[in-house]
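# Tertiary structure, described
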Amino acid sequence: MSSGSSGGSGSGSGSRSLILAAMIFAVAMTFIDQTIVSIAASTIQHDLGLSSSGIQWAINAYLLTLAALFAFGGRLGDILGHRLMVVIGVIIFAAASALCGATPAGSGAEAWLITFRAVQGAGGALMFPAAIAIVVQTFDLRSRGRALALFFGIAGGLTAIGPIAGGYLIEWTWRAIFWINIPVAVIALILIALSKPPNERHPAPIDYRGLALIVGGVGLSVFGFQQSALWGWGNAAIWASIVVGVALLVVFVAVERRTQSPLINVRIFENRTFSVQNIVLGVASMAFIPVFFFASTYGQIALGQKATTSSLAILYFFIGFVVFAQIGGRMLDRAGAKRPVVIGCALAAIGFALWAGKVTDLNGGSQTIYIIIAGAGMGLMLGQSNTDAINRAARYSYGEATGITQTVRNYGASLGFAILGTVLINRFRSEITSSLTSRGMPGPAAAAEASKLAQLQGGGSGSGGGSVATIPQFIRADFASAIEVVLYGMAIIMGIAALVALRGLRWGLQQETPAAAAAGRGGQLPGEDPNADLDRAER
């Protein structure tokens, strides 16, 4: 049974627009921090004297805890109240950000920074599913698409803005990339106090066994993906981590099916549309987050740009993303999710392919329109796919459903980094080897030098040392050739997502049904087919 403050759609005593603004400010920090630290990595490493593995972990610890704890954060919000979890998450995130910015120099700097980056991730995992749940509760089904399009449009744009803002902030001090979160958090808390969002909760015991399994499963497998570009796929520890992680997730599913009050009601995946949209989100995320890193790195290495200038490609992507996210939201409200998701995936695939065809020209201006097209496609589909997944699981807890979708998205992004990072390194190494041998260097020496350079520039940390101005022209061209393959890979990824959406999703608007409104957590009414009401609503 539900308790606490009102929890229906359109409920809540505050203005709906003010509630939406409060939730956007609350999650803004989590999106900015997915990318902003990579830009400052080399400066942080030099200033604090961190090891290469230390700075890598300062980046990955945040993403790892975020991915591992999303499902728990979503469930906890449903149990204790979504507004409460947003407030707690914002406070934890802001406090951890302040402590990251206050990292002392000396032998303890590495452990300090990594620890509080992990705490940031934990705060984000508590905050984000609850924020989405509040937006879903506040807006009814026919206006929810536009509201969440604005939410995801701005949030996705902030992911893109992170590297741009970071480039300027580090000119003052690298510590500012963390301190910038504090005023954002204060604004979020003030808006929450003014708008009084709904605080629906469903008291229930916490499934600690399921928590241990999913944290271990997601944590180990994502760790394996993260380290693959650095350690290489031939390292036994990589495969052990991924295999054990996946095995724990299989055990998690089996255990949750038999648990009376599970962390995740895995029967939610019996809903065809929910499952298809999660597949689409996971596949699309293999391109969405990685593109920011690869685009910024391409600008610095291939085009010889400063960090602030190289991030302009991300800004162009952001322009297309935000504009078409709003168009997609209106399409969702008018005609359902299939049209914007399929068209968006296809448009992104075309944009990435056209962009790939221009990167070897080493002319940033000629790529702009194709970057915008790729961003437009992602904006058209990403928020709509996410919203449709949550809508289709309306009889389940919104926080729980959001925890699932965000776990899937982070898992997909980690897998995308692993695969595309490996493709980049292997192609870059091959190109450099050919270039060095053509300049008279013996084959074995060329291969050894190519391996060293490829690992340094393609390892994924963004922390390679040295000035980009000293990079030889042939290295720039070789890196552009490697990025070309990566972008074609992203085009293929989005093409696969389009096919999954085309074949798996149904046309038409979702209809709210009495069964969906009556059913509480637990997945279905006694004796009811879990997809019955949705099948009636879909055409």
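Scroll up to find the structure.
What counts and what doesn't
- Residues numbered from 1 in each chain as written.
- Predicted model: local features only at pLDDT ≥ 70, side-chain atom pairs only at ≥ 80, totals over all residues.
- Heavy atoms only, no water.
- Helix = DSSP H or I, 4+ residues; strand = E, 2+ residues; numbered from the N terminus.
- Buried < 20%, exposed > 50% of the residue type's maximum accessible area, 1.4 Å probe, protein only.
- Contact = heavy atoms within 4.5 Å.
- Areas by Shrake-Rupley, 256 points an atom, 1.4 Å probe, with all protein chains shown as cover.
- Expected span 1.5 Å × (residues − 1).
- Arc of directions from axis to C-beta.
- Core = buried A, V, L, I, M, F, W, Y, C linked by side-chain atoms within 4.5 Å.
- Axes fitted to C-alpha atoms, helices over the stretch in contact; angles between N-to-C directions.
- Parallel < 35°, antiparallel > 145°, perpendicular 65-115°, else oblique.
- Left-handed = near helix turned anticlockwise from the far one by under 90°.
- Nonpolar A, V, L, I, M, F, W, Y, C, P; charged D, E, K, R; others polar.
- Polar contact = N/O pair within 3.5 Å; in protein donor to acceptor, adjacent residues only side chain to side chain.
- Phe/Tyr/Trp six-rings, centres within 6.5 Å; stacked < 30°, edge-to-face > 60°.

So, on to the overall build of the protein. Regarding its fold elements, the protein presents 19 helices and zero strands. Expressed as a percentage of its 539 residues, the buried residues of the protein come to 59%. Long-range contacts, defined here as pairs at least 24 residues apart, represent 84% of the contacts in the protein between residues at least 6 apart. Summing over all exposed atoms, the protein offers an accessible surface of approximately 19200 Å²; the carbon and sulfur share of this is 66%.

Our next topic: helix α7 (residues 181-195). Across its 15 residues, α7 extends 21 Å between first and last C-alpha, which sits within 8% of the 21 Å expected from 1.5 Å per residue. Of the residues making up α7, those classed as buried are N181, V184, A185, A188, L191, I192 and S195. The buried residues of α7 all sit within an arc of 130° when viewed along its axis, so they share a single face. Downstream of α7 by a residue or two, K196 has a phi angle that is positive, lying close to 50°.

What follows covers the nonpolar core. Among the nonpolar cores identified, the biggest contains 91 residues, and M23, I44, V86 and F151 are the most heavily contacted of them. The leading source of residues in this core is helix α1 (residues 16-48), at 18 residues. Those residues in contact with M23, other than ones at most four positions away along the chain, are V86, A131, I134, V135, F151, I192 and P197. Membership of the second largest hydrophobic core comes to 61 residues, among which are A374, I432, I471 and L487.

Our next topic: the packing of helix α14 (residues 368-392) against helix α15 (residues 398-438). The N-to-C vectors of α14 and α15 enclose an angle of 140°; their axes lie 9 Å apart at closest approach. Looking at the two axes, α14 sits oblique to α15. The way α14 lies across α15 gives a crossing that is right-handed. On α15, the residues touching L382, N386, A389 and I390 of α14 are Y398, T402, T405, Q406 and R409. A class-by-class count of the residues in the contact of α14 with α15 yields four nonpolar, four polar and one charged.

On to the side chain of S435. Tracing the backbone shows S435 in helix α15. Residue class for S435 comes out buried when judged on its relative accessible area of 11%. A distance of 2.8 Å separates a polar atom in the side chain of S435 from a polar atom in the side chain of D478. With residues up to four places along the chain from it excluded, the contact list for S435 reads F474 and D478.

The next point concerns the packing of aromatic side chains. The full count for this structure, using the stated rule, is 20 aromatic pairs. Ring plane angle 70° and centroid distance 6.0 Å describe the contact between F70 and F128, whose orientation is recorded as edge-to-face. Taken together, the residues F70 in helix α2 (residues 52-80) and F128 in helix α4 (residues 109-138) connect sequence positions 58 residues apart. Grouping residues by exposure puts F70 and F128 together as buried. Arranged with centres 6.4 Å apart and planes meeting at 40°, the rings of F288 and F317 form a pair that is tilted. Taken together, the residues span a long stretch of sequence, with F288 in helix α10 (residues 272-301) and F317 in helix α12 (residues 312-335) at a distance of 29 residues. Here the two residues F288 and F317 agree in accessibility, since each one is buried. Members of the aromatic cluster, each reached through a chain of ring pairs, are F288, F292, F317, F321, F352 and W355.

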